[in-house]
Amino acid sequence: MIDYIQEIFSTLKQNKLRAIMTGFSVAWGIFMLIILLGSGKGLENGMEFNFRGTSKNALWIWSRRTQVAHDGLKAGRRINFTVADGDMLKRKFEDDMDNFSGRFHLWGDYGVTYKNEYGDFRIEGVMPEFKAIKLVDMLQGRYINNIDIKQFRKSVIISEPVQKHLFKDEDPMGKYIRISGVPFMVVGVFVDPEDRDRKNLYMPLTTTQRVFNGNNRLSEMAISTNATTVAENKRIEEAVRNTLMERHRVSPEDKQAIGIWNTLENFKQAQGVFAGIRMFVWVIGIMTIIAGIVGVSNIMIILVKERTKEIGIRKAIGASPFSIIRLVLSESVLITALAGFFGLVAGMGLLAGVSAILRQIATENQDVQRAFFNPSADLGVALWALAILISAGLIAGYIPARKASAIRPIEALHDE
């Protein structure tokens, strides 16, 4: 067996340049397949990160100005949502929604103080259900609850950047901060997975409306539906839009008066794009590998032609056709397997290095995660690709191997 392997290496050594060029084309093919698969995964991870902070089947609803005069009302009228609009939607679409939350923004940054510390932060009034729509991770304490809403409690939860700014290393739980001079007790600290640097404060919707003269107004409404398909979520979206348009006396043709962002539709569209990218990546990668396999086949044909006399002598002294086929196929598989393995290792190593660099960058600038992050190729897929590559190497070497086994000794010696 050792002699057999040494013979193979000796033969390849006599044709080093051709063997190296052939091996390089094979290695390059699987290297590019791994890199393309990893790059596609990195882009897909970036896309999914953009949706990580919100429910995948949510409807975000906000009001605009009317563009069309209707029912005796002029164009340019501002639509204002109220708590009554939210109550109506909850009743009418009870069977279609899992969660509903009104939202009241305090536009601009508000001054917030704790002892001698001061900062300008964004403040929003929300309902307890908002946590299931705009996803956050609680680091300490709790989220806004129903008792906060009913009793108009001056409770507030703060994001991690706000905690670090105001409290430094001090535990914020149970402490009071002042927002425009009004004291609020910190009941929780959260981190926004979509934007860890966001300096937000959430407080009960009812408290925000009462303290900051919001009356019963809502800046926005958010719904998480129980739809599982884009078509179903789209149906709910249109029904909600039409209901609000009718309620606020908006023309059926005035689609711009009420804005709705359908996250499921956008998520599925993005998934469709990346499914196309994955298919494109596979096509390009497989074509690159095929090019390498063609190279293996060509080099085997040339090697057989150059070794015609040697093969004739082997057959003259009793070598069987099977032994000739085995010799040629072994050379083909050896080139393919070694080159494919090096291409696989190089590709996986490069992806691991790039991923580590991106993770380091993300600790300082999270925006990188929104576009391209953690490029990686599934090892199982890579091994399957290598197995297919070796099998293709067998096929590529079989034709010249059969040709070599059919050589008649006297013809081989005569040709030489």
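Here goes a summary of the coordinates provided. Source: prediction; values computed, not measured. (Residues numbered from 1 in each chain as written. Predicted model: local features only at pLDDT ≥ 70, side-chain atom pairs only at ≥ 80, totals over all residues. Heavy atoms only, no water.)

## Quick look at the packing of aromatic side chains
- What the rule picks out here adds up to 8 aromatic pairs.
- The interplanar angle of 90 degrees and the centroid separation of 5.9 Å between the aromatic rings of Trp60 and Phe130 together place this pair among those described as edge-to-face. Taken together, the residues span a long stretch of sequence, with Trp60 in strand S1 (residues 58–63) and Phe130 in the loop between strand S4 (117–126) and strand S5 (137–141) at a distance of 70 residues.
- Aromatic side chains Tyr114 and Phe167 sit 4.2 Å apart centroid to centroid with 35 degrees between the ring planes, which places their arrangement in the tilted category. (Phe/Tyr/Trp six-rings, centres within 6.5 Å; stacked < 30°, edge-to-face > 60°. Helix = DSSP H or I, 4+ residues; strand = E, 2+ residues; numbered from the N terminus.)

## Quick look at helix H7 (residues 230–247)
- Compared with the 26 Å implied by 1.5 Å per residue over 18 residues, the 25 Å span of H7 between its first and last C-alpha is a close match.
- Among all positions of H7, only Asn233, Ile236, Glu237, Val240, Arg241, Thr243, Leu244 and Met245 are buried.
- Two residues or fewer past H7, Arg249 is found with a positive phi of approximately 55 degrees. (Expected span 1.5 Å × (residues − 1). Buried < 20%, exposed > 50% of the residue type's maximum accessible area, 1.4 Å probe, protein only.)

## Quick look at the pattern of salt bridges
- Across all of its chains, the model carries 19 salt bridges by this definition.
- Taking the shortest distance from any N to any O, the salt bridge between Glu238 and Arg241 comes out at 3.9 Å. Of the two residues, Glu238 and Arg241 both sit in helix H7, 3 residues apart, roughly one turn of that helix.
- Ionic contacts of the salt-bridge type, sharing partners, join the residues Arg103, Arg122, Glu124 and Glu220 into one network. (Salt bridge = Lys/Arg side-chain N within 4 Å of Asp/Glu carboxyl O.)

## What about the side chain of Asn233?
- Considering the arrangement of structural elements, one finds Asn233 in helix H7.
- Among all residues touching Asn233, those that are not within four sequence positions of it are Asn57, Ala58, Leu59, Thr225, Ala227, Asn262 and Leu264. (Contact = heavy atoms within 4.5 Å.)

## Focus: the pairing of strand S8 (residues 182–191)
- Along S8, 7 of the 10 residues are buried, which leaves the element largely enclosed by surrounding structure.
- Of the pairings in the sheet, the one linking S5 to S8 comprises 4 bridges and is antiparallel in character. Paired with Met138 across the bridge in S8 is Phe190.
- The pairing of strand S6 (residues 155–159) with S8 spans 5 bridges and is classified as parallel. Paired with Ile157 across the bridge in S8 is Gly188.
- Of the pairings in the sheet, the one linking strand S7 (residues 176–179) to S8 comprises 4 bridges and is antiparallel in character. Opposite Ile177, over in S8, you have Phe184 as the bridge partner. (Pairing = 2+ DSSP bridges.)

So, to be careful, I would describe these as geometric facts and stop short of saying anything about function.
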